[in-house]
Amino acid sequence: MSAVIIDGKATSKKIREGVLADINKLSELGVKAGLAVVIVGDNPASRTYVNNKKKACAECGIYSEEYALPEETTEEELLALIDKLNKKEDINGILVQLPLPKHISEDKVIAAINPDKDVDAFHVQNVGKIMTGDFDFLPCTPAGVMALFEEYGIDVSGKRAAVIGRSNIVGKPMSMLLLHKNATVTICHSRTKNIEEILKSSDIIVAAVGREAFLKGDMVSEGCVVIDVGINRNAEGKLCGDVDYEEVSKKASFITPVPGGVGPMTITMLMKNTLKAACLQNNINI
Ligand code: GUN
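Analysis parameters
Sequence positions are assigned chain by chain, starting from 1 and proceeding in written order. Residues qualify for local features only when their pLDDT is at least 70, as the model is predicted, and side-chain atom pairs are given and counted only at 80 or more; totals for whole chains, interfaces and linings, by contrast, use all residues. For the side-chain quantities, the full set of heavy atoms in the structure was used; hydrogens and water were omitted. Numbering goes from the N terminus for both helices and strands, where a helix is a DSSP run of H or I of at least four residues and a strand is a run of E of at least two. With a 1.4 Å probe rolled over the protein chains alone, any residue whose accessible area is under 20% of its type maximum counts as buried; one over 50% counts as exposed, and the rest are partly exposed. Whether two residues are in contact is decided by their heavy atoms, any of which lying within 4.5 Å being enough. Strand pairing is defined by DSSP finding a minimum of two bridges between the two strands. Working convention: axes come from line fits to C-alpha atoms, limited for helices to the stretch in contact. Angles between N-to-C directions cover 0 to 180 degrees. By nonpolar core we mean a set of buried residues, namely Ala, Val, Leu, Ile, Met, Phe, Trp, Tyr and Cys, connected to one another through side-chain atoms within 4.5 Å. The near set for a molecule or strand comprises every residue that places at least one heavy atom within 4 Å of it. Polar contacts, as used here, are pairs of N or O atoms within 3.5 Å; protein pairs need one atom able to donate a hydrogen and one able to accept it. Residues neighboring in sequence count only if both atoms are side-chain atoms. To be clear on the numbers: accessible area is Shrake-Rupley with a 1.4 Å probe, and residue cover counts the displayed protein chains and nothing else. Think of it as three bins: nonpolar holds Ala, Val, Leu, Ile, Met, Phe, Trp, Tyr, Cys and Pro, charged holds Asp, Glu, Lys and Arg, and polar takes everything else, Gly as well. Here a pair means two rings of Phe, Tyr or Trp (six-membered ring of Trp) with centres within 6.5 Å. Their orientation is stacked below 30 degrees between planes, edge-to-face above 60, and tilted elsewhere.

Asker: Any chance you could explain the environment of Gly-261 here in plain terms?
Answerer: By the secondary structure assignment, Gly-261 is in the loop between strand E11 (254–255) and helix H10 (262–281). Residue Gly-261 is classed as buried on the basis of its relative accessible area of 1%. Through-space distance from the C-alpha of Gly-261 to that of Asp-22 is 24 Å; in sequence the pair is 239 residues apart. With sequence-adjacent residues up to four places away left out, Gly-261 is seen in contact with Ile-6, Gly-8, Leu-148 and Thr-256.

Asker: What is the right way to look at the sheet that holds strand E3 (residues 63–69) in this model?
Answerer: Pairing between sheet strands relies on hydrogen bonds along the backbone, with the strands arranged either parallel or antiparallel. Spatially, E3-E2-E4 is the arrangement adopted by the three strands of the open sheet, whose pairing is parallel. Each edge of the open sheet is held by one strand with a lone partner, namely E3 and strand E4 (93–96). The average angle at which neighbouring strand axes cross in this sheet is 15°, direction not considered. Where strand E2 (residues 34–40) lies against E3, seven bridges are found, and the strand directions are parallel. Residue Leu-35 lies in a different strand from E3, and its bridge partner there is Ser-64. Of the strands in this sheet, E2, E3 and E4 are in contact with helix H2 (residues 44–60), which crosses E3 at around 160°.

Asker: Can you help me understand the nonpolar core in this one?
Answerer: Inside soluble globular proteins, nonpolar side chains tend to come together where they are buried. Counting residues in each nonpolar core, the largest one holds 55 residues, and the members touching the most others are Leu-35, Ile-62, Phe-149, Leu-178, Ile-227 and Met-271. Per-element tally for this core: the top contributor is H10, with ten residues. Not counting chain neighbours up to four residues away, the residues in contact with Ile-227 comprise Ile-6, Val-145, Phe-149, Ile-205, Val-206, Ala-207, Thr-256 and Val-262.

Asker: Would you explain the site of the ligand in this entry?
Answerer: Around the ligand, the surrounding shell consists of Lys-53, Leu-95, Val-96, Gln-97, Leu-98, Asp-120 and Phe-122. Measuring from a nitrogen atom of the ligand, one finds a side-chain N or O atom of Gln-97 at 3.3 Å. A distance of 2.6 Å separates a nitrogen atom of the ligand from a polar side-chain atom of Asp-120. For the ligand, whose unbound accessible area comes to 280 Å², protein coverage reaches 81%. Class assignment of the residues belonging to the shell around the ligand gives a composition of four nonpolar, one polar and two charged.

Asker: Just to check I follow, could you spell out the side chain of Asn-234 for this structure?
Answerer: Along the chain, the position of Asn-234 falls in the loop between strand E9 (232–233) and strand E10 (239–240). Under the relative-accessibility criterion, Asn-234 is labelled buried at 14%. Among the polar contacts listed, one links the side chain of Asn-234 to the backbone nitrogen of Glu-236, at a separation of 3.0 Å. Leave out the neighbours within four places in its chain, and Asn-234 touches Glu-212 and Cys-240.

Asker: Looking at this structure, how should I read the sheet that holds strand E7 (residues 204–207)?
Answerer: Judged by pairing direction, the sheet is parallel, and its six strands sit side by side in the order E1-E11-E8-E7-E5-E6 without closing on themselves. Either end of the sheet is taken by a strand with one partner, and the two such strands are strand E1 (4–5) and strand E6 (184–188). One ladder, built from four bridges, connects E7 with strand E8 (residues 225–228); its direction is parallel. Looking across to E8, one finds that Ile-204 is bridged to Val-225.

Asker: I keep staring at the packing of aromatic side chains and nothing clicks. Help me out?
Answerer: Aromatic ring pairs are reported here in terms of the distance separating the ring centres and the angle at which the planes meet. Scanning the model with the defined rule gives one aromatic pair in all. When the ring of Tyr-152 is compared with that of Phe-254, the centres are 6.4 Å apart and the planes differ by 75°; the resulting orientation is edge-to-face. Placement of Tyr-152 in the loop between helix H6 (140–151) and strand E5 (160–164) and of Phe-254 in strand E11 is noted, with a sequence separation of 102 residues between them. The class of Tyr-152 is partly exposed, set by a relative accessible area of 25%.

Asker: Can you walk me through helix H7 (residues 171–180) in this structure?
Answerer: Given 3.6 residues per turn, any residue in an α-helix points the same way as the ones three and four places further on. Along H7, seven of the ten residues are buried, which leaves the element largely enclosed by surrounding structure. For H7, the full list of buried residues reads Gly-171, Pro-173, Met-174, Ser-175, Met-176, Leu-177 and Leu-178. On its buried face, H7 sits against helix H5 (124–132), H6, E5, E6 and E7.

Asker: Looking at this structure, how should I read the environment of Val-31?
Answerer: Considering the arrangement of structural elements, one finds Val-31 in the loop between helix H1 (8–28) and E2. By relative accessible area, which is 12% here, Val-31 ends up buried. Residues Val-31 and Asp-90, spaced 59 residues apart in sequence, show a C-alpha to C-alpha distance of 9.2 Å. Apart from residues no more than four positions distant in its own chain, Val-31 is found in contact with Leu-26, Asn-282 and Ile-284.

Now the structure itself:
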């Protein structure tokens, strides 16, 4: 079998056009959506993500401000900036690019963001809402994966889904969103015994491990749906995912490539969350 390649770029484009249309409607009501993007230090990957987020804002008609702070910024200084952005009327969403330098507590910074402006959905209040299913903001990467399922008519209800990785950003919220859609979810991680057995009996696999070509062809069953959340650099510096694409694409029914799969969807969901934040803060239902 040769897999259908899930096109995250095309799906993103379509969704971003919808966001732009809604932003234009907001604009007619006199409301402009605004996102503040904060980056500390000069991690090149973070710089690329931040540039892509700003570009996406421009594409969707969202006003954006960038705060690029030096590596030696103190926690107090960053918290003071968050406080200022929490109060800033023209800013509806705040995104602090992670990771932060080691001397700054990510937990403290995330806790300081007004939950109504937390477009990453990282604040414990929003994480709690994701658990109950009563959420305003969807976590961007998992939401992007769910949007791809929807676009490609992949029904997860009743299916066995394996999520590889248990991070707060991807693995845990991904599992919750799949569960809300009635999948039977197994979360696999570095201590999981018999991982190959679990993966072999899964209909859907979401790989979020952070290890180049972790998922091999002999670890998946014929016809499974494979979603690759990994963004790694191989020895030659080439961008690659957590899935051995050559091998796995021969067995999967659907597969996401890297780049061009989940990556653009994450940023698109950030745009949707910023639109939602602007609507909620202005009591507008569009
Ligand atoms: N670093 C890696 N992924 C993300 C993300 O989704 N949001 C933020 N803020 N930082 C990240």
